[in-house]
Amino acid sequence: ILETHLTGTLVLSVFTAVLGFFQYGYSLGVINAPQKVIEAHYGRVLGIVSPDRYATNASGEDGTFLQAGTEGTLPPLTDISEDLATSPHILTMYWSLSVSVFAIGGMVSSFTVGWIGDRLGRVKAMLVVNVLSIAGNLLMGLAKFGPSHILIISGRAVTGLYCGLSSGLVPMYVSEVSPTALRGALGTLHQLAIVTGILFSQVLGLDFLLGNDEMWPLLLGLSGVAALLQFFLLLLCPESPRYLYIKLGKVEEAKKNLKRLRGNCDPMKEIEEMEKEKQEAASEKKVSIKQLFTSSKYRQAVIVALMVQISQQFSGINAIFYYSTNIFERAGVEQPVYATIGVGVVNTVFTVISVLLVEKAGRRSLFLAGLMGMLVSAVAMTVGLVLLSQFAWMSYVSMVAIFLFVIFFEVGPGPIPWFIVAELFSQGPRPAAIAVAGFCNWACNFIVGMCFQYIADLCGPYVFVIFAGLLLVFFLFAYFKVPETKGKSFEEIAAAFRRKKLSAKAMTELQDLRRSEEA
């Protein structure tokens, strides 16, 4: 299969596209490592000082004050007394905004994915939106030359706008250029790009590399390099043959691009499949977001698409990504930052394994196995954290549970939601469906990022019981509702939903008939 379908042009096209997800992952992870350094800089720019800066410096040593130019000396006591009351709240507000505005940008722009993807084409759209990424990274990279809090918040917002668009355009393009036999394996590369981006940001964020008072603007703006690389590589990538054939009716151009992507393979089978899809799309009106929810034809697929996105974000994985250092500290790890990087490495390795598994085991079975594994890990993590005060060895239980939690996430719930939505819908409703699913994913990401710390403070070591309960709900839903899309054409997947709908309707009619007979 690989020799038949995997051409140099296809590899280049998929690699170039998923650079957008690398930037997404980098942006997710980069803001956490240098938090204390950036907060201290905010304090200097705003003329206030965070109280916890009086106790520690960048190395975590007691008795010094983290402020450039003070060389470890304490500020005057009068300054401390004046600032103590106000500084924590102001700094917390600006820091929370710096983190969360990224997700807000993604939520806003995700709704325009369908429009821009259809208007400009998949490749040209990715090319144009890269300007947002370059602009956002420049703003953050130049943060020390202006009001840093304003520049970082603006840069994060603009980068979020880019990532919201990219996270819809990339799966759309990759699913359309991939052969059916490799669609799942190439689809999981989105997640591999994300976790690689997170890992890069974690390593570069170490204080002896870029996570220090001198270099943090470079750390924040560095994914602009990936944006520039993607911009120039996109000029070499062919447009999606499906988009050309179905949306624009450019048959010869579609065939030409299909030959570039497939090499010596006969393109006629895929052209015939596109023709069927085109005829079906022509027989129905253009599907808007409103119609996606009001038409019974798409209801089952929309519910599945939204639930897989919700299950990815509400599984608790972002709680691990955002707060793993804190969790490792509670578990008694001496160097929690290196344990967090260890999580990033495991994350990346098992995403690669998922790429190899997804076309053999299938989407549905991997999704179910991942959810159940995460459920067991969440329970083990809770037991470890609760009993830590009684048994010191429980710290190892907590640590192993965290690593297993991440492993099972990458087996299924991590990569599959990114590409299964594109598989569940035909050409007509696909852009609208990807936009809605993207918005749902970003909104859930924002909710978890904003609320987890408050819930963790309220529930203490029992916080992962909540995620265990949610994982059970997601598992049951996936077991009964999520179809297997492995090796199926878009038309076959749509037909499977129609059969489910018809069988459900027939069952309802049969029950009504029995009731009338009994009456």
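To be clear, the structure that these remarks concern was listed above.
A quick note: this is a predicted structure, and the numbers were derived from the prediction, not measured.

Student: How do you make sense of the packing of helix H2 (residues 8-30) against helix H10 (residues 189-204) when you look at a structure like this?
Tutor: For any two helices packed against each other, one specifies the inter-axial angle together with the distance between the axes. Relative orientation of the contacting elements H2 and H10 amounts to 45°, with a least axis distance of 6 Å. Viewed along their axes, H2 and H10 adopt a mutual orientation that is oblique. Two packed elements cross with a definite hand, and for H2 against H10 that hand is right-handed. Seen from H2, the contacting residues are Val-14, Val-18, Phe-21, Phe-22, Tyr-24, Gly-25, Tyr-26, Leu-28, Gly-29 and Val-30; seen from H10, they are Leu-189, His-190, Ala-193, Ile-194, Thr-196, Gly-197, Ile-198, Phe-200, Ser-201 and Leu-204. Its residues assigned to classes, the contact of H2 with H10 comprises 14 nonpolar, six polar and no charged.

Student: Is there a simple way to think about the pattern of salt bridges in this case?
Tutor: A side chain of one charge can pair with a side chain of the opposite charge if their charged atoms are brought near each other. This model, assessed by the stated rule, comprises six salt bridges. Residue Asp-118 is joined to Lys-247 by a salt bridge in which the shortest nitrogen-to-oxygen separation is 3.6 Å. Taken together, the positions of Asp-118 in helix H6 (residues 113-120) and Lys-247 in helix H13 (residues 241-247) put the pair 129 residues apart, joining distant regions of the chain. Accessibility expressed as a relative area gives 31% for Lys-247, which makes it partly exposed. The salt bridge involving Arg-242 is made with Glu-273; its shortest N-O contact spans 2.6 Å. Taken together, the positions of Arg-242 in helix H13 and Glu-273 in helix H15 (residues 268-283) put the pair 31 residues apart, joining distant regions of the chain. Each member of the pair, Arg-242 as well as Glu-273, is classed as buried. The network of salt bridges with shared partners includes Asp-118, Arg-122, Glu-176 and Lys-247.

Rules used in this analysis
- Throughout, a residue's number is its position along its own chain's written sequence, starting from 1.
- Per-residue local features are limited, in this predicted model, to residues with pLDDT of at least 70; the limit for side-chain atom pairs, both in listing and counting, is 80 or more; totals at the level of whole chains, interfaces and linings are taken over all residues.
- No hydrogens and no water enter the side-chain calculation; it runs on all heavy atoms of the structure.
- All axes here are fitted lines through C-alpha atoms, helices being fitted over the stretch that makes contact, and every angle between N-to-C directions spans 0 to 180 degrees.
- Runs of E in the DSSP output that reach at least two residues are strands. Runs of H or I that reach at least four are helices, and both are numbered from the N terminus.
- In this scheme, roughly parallel covers angles under 35 degrees and roughly antiparallel covers those over 145, while 65 to 115 is roughly perpendicular and the rest are oblique.
- Here a crossing is taken to be left-handed if its near helix is turned anticlockwise relative to the far helix by less than a right angle, and right-handed if that turn runs clockwise.
- The criterion used for residue contact is that any of the two residues' heavy atoms lie within 4.5 Å.
- Classes in brief: Ala, Val, Leu, Ile, Met, Phe, Trp, Tyr, Cys and Pro nonpolar; Asp, Glu, Lys and Arg charged; the others, Gly included, polar.
- Just to be clear on terms, a salt bridge is a Lys or Arg side-chain nitrogen sitting within 4 Å of an Asp or Glu carboxyl oxygen.
- Each residue is assigned to one of three classes by its accessible area relative to the maximum for its type, calculated with a 1.4 Å probe on protein chains only: buried under 20%, partly exposed between the two thresholds, exposed over 50%.

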